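Topology and contacts: notes
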Amino acid sequence: MSERQQQGGDVVTDLAGEQRPPSLDLRTDLPHPARMYDYYLGGKDNFPSDRAAAAQVVKLLPSTPAGCRANRRFLGRAVRLAVDRGIRQFLDIGTGIPTADNTHEVAQAAAPEARVVYVDNDPIVLAHARALLTSSPQGRTAYVDADFRDPDAVLAAPAVRDILDFDQPVALLTVALLHFFQDADGPYELVRRYQSALPSGSVHILSHGTGETMDPAVAESVMRTYAEVGLKMVSRTKAEVERFFPGWELVEPGVAPVNRWRADGNPEDLALSPAEAAGYGVVAVKP
Ligand SMILES: C[S@@+](CC[C@H](N)C(=O)[O-])C[C@H]1O[C@@H](n2cnc3c(N)ncnc32)[C@H](O)[C@@H]1O
């Protein structure tokens, strides 16, 4: 543990604020979304079950890895936009296995004093959470092992309360997270609970998988493939993504394919079609 962590600067905790050891509770025999995503991004934290499932998806939608990279670049552009708007605090729910350009790295490159709390409920993300605790000396990061579906507990977690000041604007991130929740799971109500905790001027950075931009038969077979390996994903349309933001102001260009949202000339983004990107991105501001 670094001196900084011993001082209580950057921490991995559970909802009660207790320090968490890495969990060994990994089901490596079943494919897992965080590890499949890691595989698509060229990471090494995945197992044969993840690679086999991902290969089936790639066979149907060969652009899947490129779409995931476009999603990461969307995250980077959206975080920089939040920093440009003066935001210095980030609550990143559904963090994923650490990779290049994690939220705190992007934010602190622009504003070293930025503070970031990561939240994920996956044991493998927890096992790698220390890699997220590389804050700039002026900023802070924490990782909380918790479930998105428990907003009251997440918002009351000691690390969240300690690091984020809810009297100042916060950037909430749910990037490539909400397509894991059926309408019956109440994603709209859950999102509303987080949004209502934020002060005016806060932003919500969201991306979401979609089949709306692609051939319906391809979309259908991709969803079926995920379902066959036990992953129930939900494709949402642009209108359904907009429904996450009643009364909020959508930053230009509104809900757009992740690779087209304020594209900065990256050649892969330019080359991908919206169907290949297979995801919408949006940044909304709380009035
Ligand atoms: C596809 S990854 C996205 C990672 C990152 N946000 C990005 O877009 O690059 C989705 C993440 O959401 C996490 N996740 C899924 N269900 C969750 C839940 N109920 N609570 C917290 N995290 C969850 C998964 O563990 C995974 O790490």
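Report on the accompanying structure. Residue positions are counted from 1 within each chain, in the order its sequence is given. Note on the predicted model: pLDDT of at least 70 is required for a residue's local features to be given, and 80 or more for side-chain atom pairs to be given and counted; whole-chain, interface and lining totals, by contrast, use all residues.

1. Concerning the overall build of the chain
The criterion, for reference: Strands here are runs of E lasting at least two residues and helices are runs of H or I lasting at least four, both read from the DSSP assignment and numbered beginning at the N terminus. Only the C-alpha atoms count toward the radius of gyration. The rule for a globule is 2.2 Å times the residue count to the power 0.38. Residue burial here comes from a neighbour count, namely the number of other C-beta atoms, placed from the backbone, that lie within 10 Å of the residue's own C-beta, with 20 or more meaning buried, 12 or fewer meaning exposed, and in between meaning partly exposed.
Check the secondary structure of the chain and you find 13 helices and nine strands. Computed over the C-alpha atoms, the radius of gyration of the chain is 18 Å, within 12% of the 19 Å expected from 2.2 N^0.38 for a compact globule of 287 residues. Seen along its three principal axes, the alpha-carbon backbone of the chain occupies a region of about 55 × 45 × 40 Å. Out of the 287 residues in the chain, the part that is buried amounts to 46%.

2. What about the packing of helix α3 (residues 48-60) against helix α10 (residues 216-228)?
Formally: Axis definition: a line fitted to C-alpha atoms, limited for helices to the stretch in contact. Angles are taken between N-to-C directions and run from 0 to 180 degrees. Roughly parallel means an angle under 35 degrees; roughly antiparallel means over 145; roughly perpendicular covers 65 to 115; every other angle is labelled oblique. Contact criterion: two residues are in contact if their C-beta atoms, reconstructed from the backbone, are within 7 Å.
Two elements in contact, α3 and α10, have axes separated by 10 Å at closest approach and are oriented at 175°. The orientation of α3 with respect to α10, classified from their angle, is roughly antiparallel. Only Val218, Ser221, Val222 and Thr225 of α10 make contact with α3, whose side of the interface consists of Gln56, Val57 and Leu60.

3. Structural notes on the nonpolar core
Threshold: Here, a nonpolar core means buried Ala, Val, Leu, Ile, Met, Phe, Trp, Tyr and Cys residues linked by C-beta atoms lying within 7 Å of one another.
Among the nonpolar cores identified, the biggest contains 77 residues, and Leu91, Val117, Val144, Val160, Ala171 and Ile205 are the most heavily contacted of them. Considering each element in turn, this core owes the most residues, seven residues, to helix α4 (residues 64-84). Discounting chain neighbours no more than four positions away, the residues touching leucine 91 are Val117, Val160, Leu164, Val170, Leu172 and Leu173.

4. A closer look at the site of the ligand
This is how it is decided: The C-beta atom of each residue is placed using the backbone, and any residue whose C-beta lies within 6 Å of a molecule or strand is treated as near it. All residues other than Ala, Val, Leu, Ile, Met, Phe, Trp, Tyr, Cys, Pro, Asp, Glu, Lys and Arg, Gly among them, are scored as polar; the first ten of these are nonpolar and the last four charged.
Residues in close proximity to the ligand total 20 residues, the closest being Ala34, Gly94, Gly96, Asp122 and Ala176. For the shell around the ligand, the secondary-structure elements that each account for two or more residues are α2 (33-40) and α4. Along the lines of polarity and charge, the residues of the shell around the ligand split into ten nonpolar, five polar and five charged.

5. Some points on the environment of leucine 206
Relative to the helices and strands, leucine 206 is located in strand β6 (residues 203-209). Under the C-beta neighbour-count criterion, leucine 206 is labelled buried, with 24 such atoms within 10 Å. With 75 residues separating them along the chain, leucine 206 and glycine 281 place their C-alpha atoms 5.8 Å apart. Excluding its chain neighbours within four sequence positions, the residues that come into contact with leucine 206 are Thr174, Val175, Leu178, Phe244 and Val282.

6. What about α3?
Since the α-helix advances by 3.6 residues per turn, residues separated by three or four positions end up pointing in the same direction. Keep this limit in mind: Helix span, expected: 1.5 Å multiplied by one less than the number of residues in the helix. This arc is taken over the directions from the axis of the helix to the C-beta atoms.
Taking 1.5 Å per residue as the helical rise, α3 with its 13 residues ought to reach 18 Å, and the 19 Å between its terminal C-alpha atoms agrees with that figure. Buried residues of α3: Asp50, Ala53, Ala54 and Val57, and no others. All buried residues of α3 fall inside an arc of 100° around its axis, so they share one side. Exposed side chains of α3 directed beyond 90 degrees from the buried face belong to Pro48, Ala52, Ala55 and Lys59. Here the buried face of α3 lies against α2, α4 and α10.

7. Digging into the environment of valine 175
Here valine 175 lies in strand β5 (residues 171-175). On the neighbour-count criterion, valine 175 (24 C-beta atoms within 10 Å) is buried. C-alpha separation for the pair valine 175 and valine 119, spaced 56 residues apart in sequence, amounts to 12 Å. In this structure, valine 175 is in contact with Asn71, Leu75, Gly94, Ile205, Leu206 and Ser207, ignoring residues within four places of it in sequence.

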